[in-house]
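# Structural characterization, general
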Amino acid sequence: ALGVCSLAYVVAASGWAGDAQPVDYSYRAGEGPHAVDEALAFFSRIGPAAAQLRDLDGAAREAGLERLRDALASRLRNDMVDFPASAWIWSCRPA
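Residues numbered from 1 in each chain as written. Predicted model: local features only at pLDDT ≥ 70, side-chain atom pairs only at ≥ 80, totals over all residues. Heavy atoms only, no water.

Our focus in this paragraph is the side chain of D82. Looking at the secondary structure, you find D82 in strand β3 (residues 80–94). One polar contact links D82 to R28, side chain to side chain, over a distance of 2.8 Å. (Helix = DSSP H or I, 4+ residues; strand = E, 2+ residues; numbered from the N terminus. Polar contact = N/O pair within 3.5 Å; in protein donor to acceptor, adjacent residues only side chain to side chain.)

We now examine the environment of G18. By the secondary structure assignment, G18 is in strand β1 (residues 16–31). Note: C-alpha distance between G18 and S86 (68 residues apart in sequence) is 19 Å. Leave out the neighbours within four places in its chain, and G18 touches V11, W90, S91, C92 and R93. (Contact = heavy atoms within 4.5 Å.)

For the rest of this paragraph, the subject is the environment of A63. Assignment of secondary structure puts A63 in helix α4 (residues 58–73). Judged by its relative accessible area of 40%, A63 is partly exposed. Between the C-alpha atom of A63 and that of L53, which follows or precedes it by 10 residues, the distance is 9.7 Å. (Buried < 20%, exposed > 50% of the residue type's maximum accessible area, 1.4 Å probe, protein only.)

On average, residues of the protein score 94 in pLDDT, and 97% of them reach the 70 mark or higher. The lowest-confidence element of the protein is helix α1 (residues 4–13), averaging 84 in pLDDT; the highest-confidence one is strand β2 (residues 76–77), averaging 98. (pLDDT = per-residue confidence, 0-100.)

Before going further, it helps to spend a moment on a nonpolar patch on the surface. Taken together, the side chains of V23, Y25, Y27 and I89 present a nonpolar region at the surface, about 330 Å² in accessible area. Looking at the nonpolar patch, the element that brings in the most residues is β1, giving 3 residues. Take Y25: it is sitting in strand β1. Residue classification places Y25 among the partly exposed residues on the basis of a relative accessible area of 38%. (Patch = residues over 30% accessible without salt bridge, like charges linked within 9 Å, V, L, I, M, F, W, Y side chains within 5 Å. Areas by Shrake-Rupley, 256 points an atom, 1.4 Å probe, with all protein chains shown as cover. Salt bridge = Lys/Arg side-chain N within 4 Å of Asp/Glu carboxyl O.)

Shown next, in the form of structure tokens:
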């Protein structure tokens, strides 16, 4: 992944000037009465957990899904499965 300094170089080399601001937010993986099921379906399709699950068969896969479900259930608050997240918001203009 590109760091902020590397991305600043790419922006400048492309003829742009820009500023980056860090933004912290809550990443919602599931919500509502089936929030954990929604989050489990999502993380079973995309990301590092999905890659690990694809390599498992039978009982090992079921055990992996159960561990993931438990981890997601531990994040459940008020019918929402949220995770802390951060991003950089860039504002750019022609140099």
